[in-house]
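What the coordinates show
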Amino acid sequence: MSMEKVSRRELLQGAGALVATTAEIPRRLLQLGMTLGGADTRSAKTALGGFGVKEGAAIPTNDGAANLRPDFEWIRSVRLMIAEGYVPPFYPSLDYKPERALALARRLNCEAFRYPTYSYVAFFPTKTKFPHHPELGGSDPFRETVNLFHDAGLKVVAYNPLNHPFMDVNSDNPEYRDWMRHDAEGKPLITRHMGWTRFYEGCLNSPLRDQIRERVREVVADYPVDVMYFDGPYEGMDQESRFCHSKYCQAAYQKARGKSIPLEDGSATLQDLIDYWQWIAEDVVVAFMREIADMVRQVRDVPVVFNDTGLLSRSVRAHAYPYVDGFMFEAAETPEQKLFNMRLGQSTGKVIWTYISSHTEYNTEHLKDKSVRGWYSAPVEGERLELDAAVATAAGAGYCYWGLNRLYYEPQDILDVPSIRSLKGVFDFAQKNDRLLRSVSPRPQVGILTGAQTIRWYQSPMFIPQAYRNYYYGAWQLIKDLGYDAEPFLDYEMTAERLGKYKLVYVPNAPCLSEAHCSLLASYVEGGGTLLATHLTSIADEFGRPRRDYGLRELFGANLKTPEPLEVPDLYLHVLSSGKLIPQDPQVMLFQAANGAEVTAETQDRGHRRTLGPAVVRRRQGKGQVIYIGSGLEALYEETLNDSLRAYFHSLLDPILASKRTYELEFRPGLMPQFASSQSTLLLHLLANTGNIWKKLLVQEEFLPVKNVRARLRLPQGQSAKSVALMWSGTKPDWSVHDGWVELTVPQVQVYEVIRVDLA
Ligand SMILES: [Zn+2]
């Protein structure tokens, strides 16, 4: 239930980052809540994982599907309705009736229902010290829900917040003083959350920790739920970046690190800050997730899922996924970004769930208190809802409709509402094609290294944290617009085995790379791979400590001339082979090409009538090759969707990728493909994000169809096509086969279509 909080918070933090100088860094780090890299000698594991992802995290199989026990398989594509405990009909007034929820879930063709065991108050008669909802009385709506849904053949998922803020500042509960986080002066750290009231944040080292564990134990021991879902663990929310000085944190930190918790007055050294944040992340937060998951499995062996929406953020729980069976990625600002995040999540080997109707808020620009949200889910309607769901279908993610609050008070049949009828259409489609959709796997040719270590550790006066995503999202958009499939993966999950899956590895501006990771990339190229790396890649180690030159200087065949990039207006990329001038990123690295590296493009500074030197170098190494681009061209593409940039990348990548491509799709703005296949079937999902509003992303949009889309799908060696269908529209297109390719024209893509080719 973090509702994109992380990105919003980071946006605010990022604004502060613009003005920091080196001398200000310690104070700034206090504000950011995370730290610049520093010496960490405690373990190699930590050095590789930043916050210490433990070794042995599941590596996905070669076909890209998460490894799940057969009896847990059903969670992969679950059609879940969420009953949110922070809003009506649960809070502040308890209007909830299980019979009403069951009727709605069945009407929408959901197979599972998420019940809030707790939000700010308990919705079951817990014997722990947590407050019950005042209207709960002697009833147990949780018990009634489990019985009723199970009798009807539906599954129940228990929602369990792990230290999500709940302590109302207006309460006279005597425990709260003992459980709260507070600063060095004893001032409570407070969160607003949904705008109902304000809440003290809880300290995970206080006796609250045992209370939470006991409440979770009650749930899994006393109620036969089918999945245990966790929101958290949190150590603060709005104030996550503040240090907790409770007596419990003080004592625990003294015991663990032999020193006091740093003060927030600028007196702490860099190493103090690094030690503190690593302790909070690893020893407190991630350790709690592990403890809870272990306890659940001991009591009753059910799937464990948690909310890891902040996987690409400074969130202290980002690395807890090795201990669960799957995780939730809530929402993104665009469908393209959402598909990226689904696929990134799957690259960890875990099942991914996502909100459907993700944009549960509008911009609320005119509201004084931005934590007050309106209507919940209602603004997401019609084709926007359908597109959101289609992204989940294309990715093979589980659907979590958010939710019950949207439907509960509807006076008429919910299927009279067009957008809800279309959502049921998605669920019907998912159910009808469940077997087929589970049987296929993505076949990415490109791996996109995603700089999680950079997000966590990198600091520099030139670095704009809230815009860093433009590099990895830009790389994704470019590869998709060229008609290839990519799999994003986390930098710290890099292994030789993983790299070996890809024909090309794209490293879009990853400053923070360890020596070990640089070596892995060099071996990958030596063995025949192609590496495309851009901008600041490898100029710092995994904790952001600057190197004097690129860590990959030998592989690139490039040497850094200045440590920071240069910004100049109106630069052009001069492509030497063609003589063409195309837009260059106005922020470039100055570097020299080494012997044996071929300069293929230079940067022209038109305003000063000069050349700034090499812009792109290419080099062969062993059986492979490297292309290094000394600027963030992919971020420029993300921000402009410029045609000549796309054409330039086409000229770079097509010679490498075209011979093994799985499909070919003519470029149409807004049309995004996602391919998957099995021994017997090829599927090409087409997502048409052709809405009419781009500037205010949370505003309701209308969508236009994309007409007459020409597509080709390559037949695997020795196989022929038996039949071709368009699954979403339920039509049979004209098709033909030429030179081993199935060719067809899709008459129209209105939001979504799937080309299905059955093989003989
Ligand atoms: Zn604390």
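Throughout what follows, the structure given in this document is the object of discussion. (Residues numbered from 1 in each chain as written. Predicted model: local features only at pLDDT ≥ 70, side-chain atom pairs only at ≥ 80, totals over all residues. Heavy atoms only, no water.)

Remarks on the overall build of the protein
Tallying secondary structure elements over the protein gives 21 helices and 33 strands in all. The proportion of buried residues among the 760 residues of the protein is 62%. Partitioning the contacts of the protein with sequence separation of at least 6, the portion at a separation of at least 24 is 75%. Accessible area for the protein stands at about 27600 Å²; split by element, carbon and sulfur atoms hold 50% of it. (Helix = DSSP H or I, 4+ residues; strand = E, 2+ residues; numbered from the N terminus. Buried < 20%, exposed > 50% of the residue type's maximum accessible area, 1.4 Å probe, protein only. Contact = heavy atoms within 4.5 Å. Areas by Shrake-Rupley, 256 points an atom, 1.4 Å probe, with all protein chains shown as cover.)

Brief notes about the packing of helix α4 (residues 98-107) against helix α5 (residues 141-151)
Where α4 contacts α5, the axes come no closer than 9 Å and their chain directions differ by 35°. The hand of the α4/α5 crossing is right-handed. Between α4 and α5, the residues in contact are Pro98, Glu99, Ala101, Leu102 and Ala105 and Pro141, Glu144, Thr145, Leu148 and Phe149, respectively. For the contact of α4 with α5, the class distribution of residues is 7 nonpolar, 1 polar and 2 charged. (Axes fitted to C-alpha atoms, helices over the stretch in contact; angles between N-to-C directions. Left-handed = near helix turned anticlockwise from the far one by under 90°. Nonpolar A, V, L, I, M, F, W, Y, C, P; charged D, E, K, R; others polar.)

Here's the deal with the coordination of the zinc ion
Protein coordination of the zinc ion is provided by Cys203 (SG), Cys244 (SG) and Cys249 (SG), with donor distances spanning 2.2 Å. Coordination of the zinc ion draws on donor residues from a single chain, spaced C-x40-C-x4-C in sequence. Taken together, the residues span a long stretch of sequence, with cysteine 203 in the loop between β6 (199-200) and α7 (208-222) and cysteine 249 in helix α8 (residues 247-257) at a distance of 46 residues. The class of cysteine 249 is buried, set by a relative accessible area of 0%. (Donors = N, O, S within 2.8 Å, 3.2 Å for Na, K, Ca; no water.)

Points about the environment of proline 303
With respect to the helices and strands, proline 303 occurs in the loop between α9 (270-299) and β8 (304-307). Put simply, proline 303 and methionine 228 are 75 residues apart on the chain and 6.4 Å apart in space, counted from C-alpha to C-alpha. Setting aside chain neighbours within four positions, we find proline 303 in contact with Phe72, Ile75, Asp226, Val227, Met228 and Asp325.

Regarding unusual backbone geometry
The peptide bond linking glycine 232 to proline 233 adopts the cis configuration, its omega dihedral lying at 0°. Note that proline 233 resides in the loop between β7 (227-231) and α8. For the peptide bond that leads from tryptophan 402 to glycine 403, omega is -5°, which places it in the cis range. Within the fold, glycine 403 resides in the loop between β11 (398-402) and α12 (404-407). The phi torsion at asparagine 163 lies on the positive side, around 65°, for a residue other than glycine. Considering the arrangement of structural elements, one finds asparagine 163 in the loop between β3 (155-161) and β4 (167-168). A positive phi angle, near 60°, is found at aspartate 570, a position not held by glycine. Within the secondary structure layout, aspartate 570 lies in the loop between β18 (566-567) and β19 (571-575). Judged by its relative accessible area of 41%, aspartate 570 is partly exposed.

Regarding the nonpolar core
In this structure, Met228, Phe230, Trp353, Leu404, Tyr506 and Leu531 are the most contacted members of the largest nonpolar core, which totals 217 residues. Per-element tally for this core: the top contributor is α9, with 15 residues. Once residues within four sequence positions are removed from consideration, leucine 531 is found in contact with Val505, Val507, Leu521, Tyr524, Val525, Leu555, Phe556, Gln625, Val626 and Ile627. In terms of nonpolar packing, the next biggest core, distinct from the first, is built from 23 residues, Leu671, Val709, Leu715 and Val742 among them. (Core = buried A, V, L, I, M, F, W, Y, C linked by side-chain atoms within 4.5 Å.)

Looking at the sheet that holds strand β5 (residues 190-191)
If you walk across this open sheet you meet the 3 strands as β4-β6-β5, and the pairing is antiparallel. Taken across any chain shown, the strands that pair with only one partner, and hence form the sheet edges, are β4 and β5. When β4 meets β6, the two strands line up antiparallel, connected through 2 bridges. Directly across from methionine 167, in β6, lies its bridge partner tyrosine 200. (Pairing = 2+ DSSP bridges.)

Brief notes about the pattern of salt bridges
Two side chains of opposite charge can pair, provided their charged atoms sit close to one another. This structure, assessed with the given rule, holds 42 salt bridges. For aspartate 485, the salt bridge is made with lysine 480, and the minimal N-O distance between the two is 2.9 Å. The pair aspartate 485 / lysine 480 is uniform in exposure class, with both members buried. Put simply, lysine 501 and glutamate 487 hold a salt bridge, and the shortest N to O gap is 2.9 Å. Separated by 14 residues along the polypeptide, lysine 501 in the loop between α17 (496-499) and β15 (504-507) and glutamate 487 in strand β14 (residues 486-490) bring together distant segments of the chain. (Salt bridge = Lys/Arg side-chain N within 4 Å of Asp/Glu carboxyl O.)

Considerations on the side chain of asparagine 160
Structurally, the position occupied by asparagine 160 is in strand β3. The buried category is assigned to asparagine 160, whose relative accessible area is 0%. With residues up to four places along the chain from it excluded, the contact list for asparagine 160 reads Thr117, Arg215, Val216, Val219, Met228, Tyr229, Phe230 and Asp231.

Considering the environment of alanine 395
On the secondary structure map, alanine 395 appears in helix α11 (residues 382-395). Those residues in contact with alanine 395 that lie beyond four places of it in its chain are Leu339, Met342 and Gln346.

A word on the side chain of lysine 480
Tracing the sequence through the fold places lysine 480 in helix α16 (residues 469-481). Given the relative accessible area of 2%, lysine 480 is considered buried. A polar atom in the side chain of lysine 480 sits 2.9 Å from the side chain of aspartate 485. A polar contact of 2.7 Å, which involves the side chain of lysine 480, links it to the side chain of glutamine 674. Beyond its immediate chain neighbours, meaning those up to four positions away, lysine 480 contacts Leu339, Asp485, Met672, Pro673 and Gln674. (Polar contact = N/O pair within 3.5 Å; in protein donor to acceptor, adjacent residues only side chain to side chain.)

Quick word on the packing of aromatic side chains
A full pass over the atoms with the stated rule returns 55 aromatic pairs. With a centroid separation of 6.0 Å and an interplanar angle of 35°, the aromatic rings of tyrosine 321 and phenylalanine 327 are classed as tilted. Given the relative accessible area of 1%, phenylalanine 327 is considered buried. Above the face of the tryptophan 74 ring, lysine 155 is positioned so that its terminal group lies 4.7 Å from the ring centre. Here arginine 215 stacks its cationic end above the ring of phenylalanine 130, 4.7 Å away from the centre of that ring. (Phe/Tyr/Trp six-rings, centres within 6.5 Å; stacked < 30°, edge-to-face > 60°. Lys NZ or Arg CZ within 6 Å of the ring centre and 35° of its normal.)

Structural notes on α16
The terminal C-alpha atoms of α16 lie 18 Å apart, and with 13 residues this matches the ideal 18 Å at 1.5 Å per residue to within 8%. Among all positions in α16, only Asn470, Tyr471, Tyr472, Tyr473, Gly474, Ala475, Trp476, Gln477, Leu478, Ile479, Lys480 and Asp481 are buried. After α16 finishes, the residue glycine 483 shows a positive phi value of roughly 85°. (Expected span 1.5 Å × (residues − 1).)

Notes on the pairing of β8
In β8, alternate side chains face the same way, and those of Val304 and Phe306 on one face and Val305 and Asn307 on the other are all buried. Here β7 runs beside β8; their pairing, made up of 3 bridges, is parallel. Paired with tyrosine 229 across the strands is valine 305, a residue of β8.

Describing the packing of α16 against helix α20 (residues 633-640)
Between α16 and α20, whose axes approach to 7 Å, the crossing angle comes to 75°. By the angle between their axes, α16 is roughly perpendicular relative to α20. Where α16 approaches α20, its residues Asn470, Tyr471, Tyr473, Gly474, Ala475, Gln477, Leu478 and Asp481 are matched on the opposing element by Glu634, Ala635, Tyr637, Glu638 and Glu639. Looking at side-chain class alone, the contact of α16 with α20 contains 6 nonpolar, 3 polar and 4 charged residues. (Parallel < 35°, antiparallel > 145°, perpendicular 65-115°, else oblique.)

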